[in-house]
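# Inside the fold
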Amino acid sequence: MFEWTGGELPTFVTHLECSLTGERYPADTLQTLSKAGRPLLVRYDLDGIRRALPRDKLADRPQTLWRYRELLPVRRPENVVSLGEVVTPLVSLPRISDRLGGGEILVKDEGRLPTGSFKARGLALAVSMAKELGVETMAMPTNGNAGAAMAAYCSRAGIKAYVFCPDDTPAVNVREIAMQGAEVFLVDGLIDDCGKLVAEGEQEVGWFNCSTLREPYRIEGKKTMGIELAEQLGWEVPDVIFYPTGGGTGIIGMWKAFGELEKIGWIGPKRPRMVVVQATGCAPMVKAWEEGVEHAPRWENAHTFAAGIRVPQAVGDFLILRAVRESGGFATAVADDMIADAWREVASEEGLLLCPEGAATYAAYKNALADGRVGTDERVVLFNCASGLKYPMPEAGTPLKLGSAVDWRKLIGAIPTPRIPAHKR
Ligand SMILES: *Cc1c(COP(=O)(O)O)cnc(C)c1O
């Protein structure tokens, strides 16, 4: 949890800046998109941070994202809304790495965060800042996890929350949102249709619109993934990062983090190649990357069971694509059946239950290793963004009736032996 006893937090925010035009906006007042209709980025006095915080000062701070508070925007400690944002582990996949003949594979397991997804990082910051700026009602469109995180943090902060989901959002997400105190609506459309309703309600009832990248602080929360990753690797970055991309907050946030970390002297100029992973049924960023354009038109008839990456259009499209291009990365799509196989493969072979979006990154890695876009000596990080337990899994379980003798030979013979040979090491 968050503890700070030194009065005002030492924040170094100087202003906000339009990500497209560079136009400046004041911090410490409520902001949405810029006049150009694009996301605002939070800017800091990085020289001030460099002087105030040598990186070894982090050593005795609690293992939560608030350990990087100088790089975060909250000013008053009483406005920090926290549910215990743990540092998430990097879990290696040694057996799979051996079998594929590739380099080290590390999974950043974000499913350990409050509300079971990395949306907690963004919403912890967005809701803390909303509290700091006096917001009383918030609303957002969601495919599930963001709404759940907003609901939880809003309840914690005493802010009323309204959440709009597509009506085929997994039931567990919808119920989780309601249990955590928000009003939840099921819309017969996609997430951007839900977004239109939230914008309409913003005009009519005046709630604060917390749609992806419409407010500046979710990126700052997601930025902590990049800082944390670098710290965990001894202030090194991996060679390649595979990121399941929907609205892109995470990829934009991590890219921003690496830039800021270099400026404050915590990392060098090396950057990971950033790889956008989408599903073939909804791949607007992949198409835009392949065509070499900066903006991605809406993807029609978007479908994939990996709900977190079913985002037909992203307002931060150009920021996502810039991170991919500047890093020398690429964008790639995987089909749903490959995602399903990858999901089962990692769970059964390594004991790590990913979410489908996380499984998509593993499927994409396998393809990239096979076709040489990733080398066999490269260390990769795959992002598992949510707990696999939040998703409907294939039915399982052999029925067993008590009261008659068990034919053990038949029973055990009927249980399939693992497809995968035991680890040789
Ligand atoms: C939100 C979400 C994503 C996409 O993350 P962005 O940073 O918005 O692109 C991927 N997977 C899961 C499970 C999510 O909840």
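Please refer to the structure higher up on the page.
This write-up is about the structure you can find in this document.

Rules used throughout
- Residues numbered from 1 in each chain as written.
- Predicted model: local features only at pLDDT ≥ 70, side-chain atom pairs only at ≥ 80, totals over all residues.
- Heavy atoms only, no water.
- Axes fitted to C-alpha atoms, helices over the stretch in contact; angles between N-to-C directions.
- Helix = DSSP H or I, 4+ residues; strand = E, 2+ residues; numbered from the N terminus.
- Parallel < 35°, antiparallel > 145°, perpendicular 65-115°, else oblique.
- Left-handed = near helix turned anticlockwise from the far one by under 90°.
- Contact = heavy atoms within 4.5 Å.
- Nonpolar A, V, L, I, M, F, W, Y, C, P; charged D, E, K, R; others polar.
- 1 Å grid on protein atoms, 1.4 Å probe; cavity = no way out; pocket = protein on both sides within 12 Å on 5 of 7 lines; lining within 4 Å.
- Points joined across faces, edges and corners; volume = space filled by probe spheres on them.
- Salt bridge = Lys/Arg side-chain N within 4 Å of Asp/Glu carboxyl O.
- Buried < 20%, exposed > 50% of the residue type's maximum accessible area, 1.4 Å probe, protein only.
- Pairing = 2+ DSSP bridges.

Let's shift gears to the packing of helix α9 (residues 284-291) against helix α10 (residues 317-326). The relative placement of two packed helices is expressed as an angle between their axes plus a distance between the axes. Here α9 crosses α10 at 55°, and the two axes come no closer than 11 Å. When the axes of α9 and α10 are compared, the pair comes out oblique. Crossing geometry of α9 relative to α10 is assigned as right-handed. Between α9 and α10, the residues in contact are Met-285, Ala-288 and Trp-289 and Asp-317, Ile-320, Leu-321, Val-324 and Arg-325, respectively. Residue composition of the contact of α9 with α10, grouped by class: six nonpolar, no polar and two charged.

This next bit is on empty space enclosed by the protein. Counted under the stated rule, the structure contains one cavity of 30 Å³ or more. Every residue lining the largest cavity is listed: Leu-30, Gln-31, Ala-126, Met-129, Ala-130, Leu-133, Phe-208, Glu-215, Pro-216 and Tyr-217. It is helix α3 (residues 119-132) that contributes the most residues to the lining of the largest cavity, three residues altogether. Taken together, the residues of the lining of the largest cavity break down into eight nonpolar, one polar and one charged.

In this model, Asp-28 sits at a positive phi of 65°, which is unusual for a non-glycine residue. Position of Asp-28 among the secondary structure elements: in the loop between β2 (24-25) and β3 (40-44). A positive phi is found at Trp-235, a non-glycine position, where the angle reads about 60°. Along the chain, Trp-235 falls in the loop between α7 (218-232) and β10 (240-244).

In this structure, the largest pocket encloses a volume near 820 Å³. Taken together, 48 residues form the lining of the largest pocket, with Ile-191, Thr-212, Gly-247, Val-311 and Gln-313 sitting closest to its centre. For the lining of the largest pocket, the elements supplying multiple residues, two or more each, are β6 (137-141), α4 (145-157), α6 (191-205), α7 and β10. It is α6 that contributes the most residues to the lining of the largest pocket, five residues altogether. The class makeup of the residues in the lining of the largest pocket is 21 nonpolar, 17 polar and ten charged.

This next bit is on the pattern of salt bridges. With the rule as written, the count across this model stands at 31 salt bridges. Taking the shortest distance from any N to any O, the salt bridge between Glu-349 and Arg-99 comes out at 2.7 Å. Here Glu-349 is found in helix α11 (residues 336-350), whereas its partner Arg-99 is found in helix α2 (residues 94-100), with 250 residues between them in sequence. For Glu-349, a relative accessible area of 2% corresponds to the buried category. For Arg-99, a relative accessible area of 41% gives the class partly exposed. Between Lys-223 and Glu-260 there is a salt bridge; the shortest N-O distance is 2.8 Å. Residue Lys-223 is found in helix α7, and its partner Glu-260 is found in helix α8 (residues 249-263); the two are separated by 37 residues along the sequence. Its relative accessible area of 0% is what places Lys-223 among the buried residues.

Judged by pairing direction, the sheet is mixed, and its six strands sit side by side in the order β4-β5-β13-β10-β11-β12 without closing on themselves. The open sheet terminates on both sides in strands that have one partner only, identified here as β4 (90-92) and β12 (330-334). Ignoring which end each strand starts from, the neighbouring axes of this sheet average 25° apart.

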